[in-house]
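Here are the chains, one letter per residue:
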Amino acid sequence: VFWVFMFVSYVCFLQFAVLNVLTGVFCQNAIESAENDQEMVTQNMLVKKKKYMSQLLRIFEDIDLDQSGSITIQEFREVLSTPTMQAYLTGLGLEPMD
């Protein structure tokens, strides 16, 4: 009976040891994946920022009706009052009346 108890204890100990190693490997892979995901999130944010800036530059080029290189209040109000520009700004997450 003593040897049966020792054998069962030994098997349980080995099972917990193997499970502990497997859990460690799984956690390490999860941590490495999270680090890669953070890099991907940062890269995606930079790409979105660049795209957003180019869209804003395009908007300001569209607003400059006389191609003078500067925007007057009159040009700004005229273009901003069009439904197309309001929809475009809303699509960018900007409220046209802000």
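Residues numbered from 1 in each chain as written. Predicted model: local features only at pLDDT ≥ 70, side-chain atom pairs only at ≥ 80, totals over all residues. Heavy atoms only, no water.

1. A look at the overall build of the protein chain
Thought 1: Along the protein chain, the regular secondary structure elements total three helices and zero strands.
Thought 2: Start at the N end of the protein chain and walk to the C end: the helices and strands fall as α-α-α.
Thought 3: For a compact globule of 98 residues, the expected C-alpha radius of gyration is about 13 Å, and the protein chain comes in at 31 Å, more than 25% above that figure.
Thought 4: When its C-alpha atoms are laid out on the principal axes, the protein chain stretches across 95 × 20 × 15 Å.
Thought 5: Buried positions account for 11% of the 98 residues belonging to the protein chain.
Thought 6: Of the contacts made within the protein chain by residues no fewer than 6 positions apart, 32% connect residues no fewer than 24 positions apart.
Thought 7: About 8,500 Å² of surface is accessible on the protein chain, with carbon and sulfur atoms providing 67% of the total. (Helix = DSSP H or I, 4+ residues; strand = E, 2+ residues; numbered from the N terminus. Rg over C-alpha atoms; globule rule 2.2 N^0.38 Å. Buried < 20%, exposed > 50% of the residue type's maximum accessible area, 1.4 Å probe, protein only. Contact = heavy atoms within 4.5 Å. Areas by Shrake-Rupley, 256 points an atom, 1.4 Å probe, with all protein chains shown as cover.)

2. Some points on the side chain of Glu-75
Thought 1: Along the polypeptide, Glu-75 turns up in helix H2 (residues 73-80).
Thought 2: In this structure Glu-75 is buried but unpaired, with Arg-77 as the nearest side chain of opposite charge at 12 Å.
Thought 3: Those residues in contact with Glu-75, other than ones at most four positions away along the chain, are Ile-63, Asp-64, Leu-65, Asp-66 and Ser-70. (Lys, Arg positive; Asp, Glu negative; His and termini not counted. Salt bridge = Lys/Arg side-chain N within 4 Å of Asp/Glu carboxyl O.)

3. A word on the packing of helix H1 (residues 2-63) against helix H3 (residues 83-91)
Thought 1: Two elements in contact, H1 and H3, have axes whose closest approach is 12 Å; the angle formed by their N-to-C orientations is 165 degrees. In this view, H1 runs roughly antiparallel relative to H3, as classed from their interaxial angle. In this structure, H1 crosses over H3, and the sense of that crossing is left-handed. Each of Gln-55, Arg-58, Ile-59 and Asp-62 in H1 lies in contact with H3, whose residues at this interface are Met-85, Tyr-88 and Leu-89.
Thought 2: Residue composition of the contact of H1 with H3, grouped by class: four nonpolar, one polar and two charged. (Axes fitted to C-alpha atoms, helices over the stretch in contact; angles between N-to-C directions. Parallel < 35°, antiparallel > 145°, perpendicular 65-115°, else oblique. Left-handed = near helix turned anticlockwise from the far one by under 90°. Nonpolar A, V, L, I, M, F, W, Y, C, P; charged D, E, K, R; others polar.)

4. Considerations on the packing of aromatic side chains
Thought 1: In this structure the tally under the stated criterion is one aromatic pair.
Thought 2: Consider the rings of Phe-2 and Trp-3, whose centres lie 5.4 Å apart with planes at 70 degrees: the pair is edge-to-face. Taken individually, Phe-2 and Trp-3 each receive the classification exposed, so the pair is uniform in this respect. (Phe/Tyr/Trp six-rings, centres within 6.5 Å; stacked < 30°, edge-to-face > 60°.)

5. Things to note about H2
Thought 1: Regarding H2, the residues found buried are Glu-75, Val-79 and Leu-80. Projected down its long axis, H2 carries its buried residues within an arc of 120 degrees, all on one side. Relative to its buried face, H2 has exposed residues pointing more than 90 degrees away, namely Ile-73, Gln-74 and Arg-77.
Thought 2: At its buried positions, H2 is contacted by H1 and H3. (Arc of directions from axis to C-beta.)

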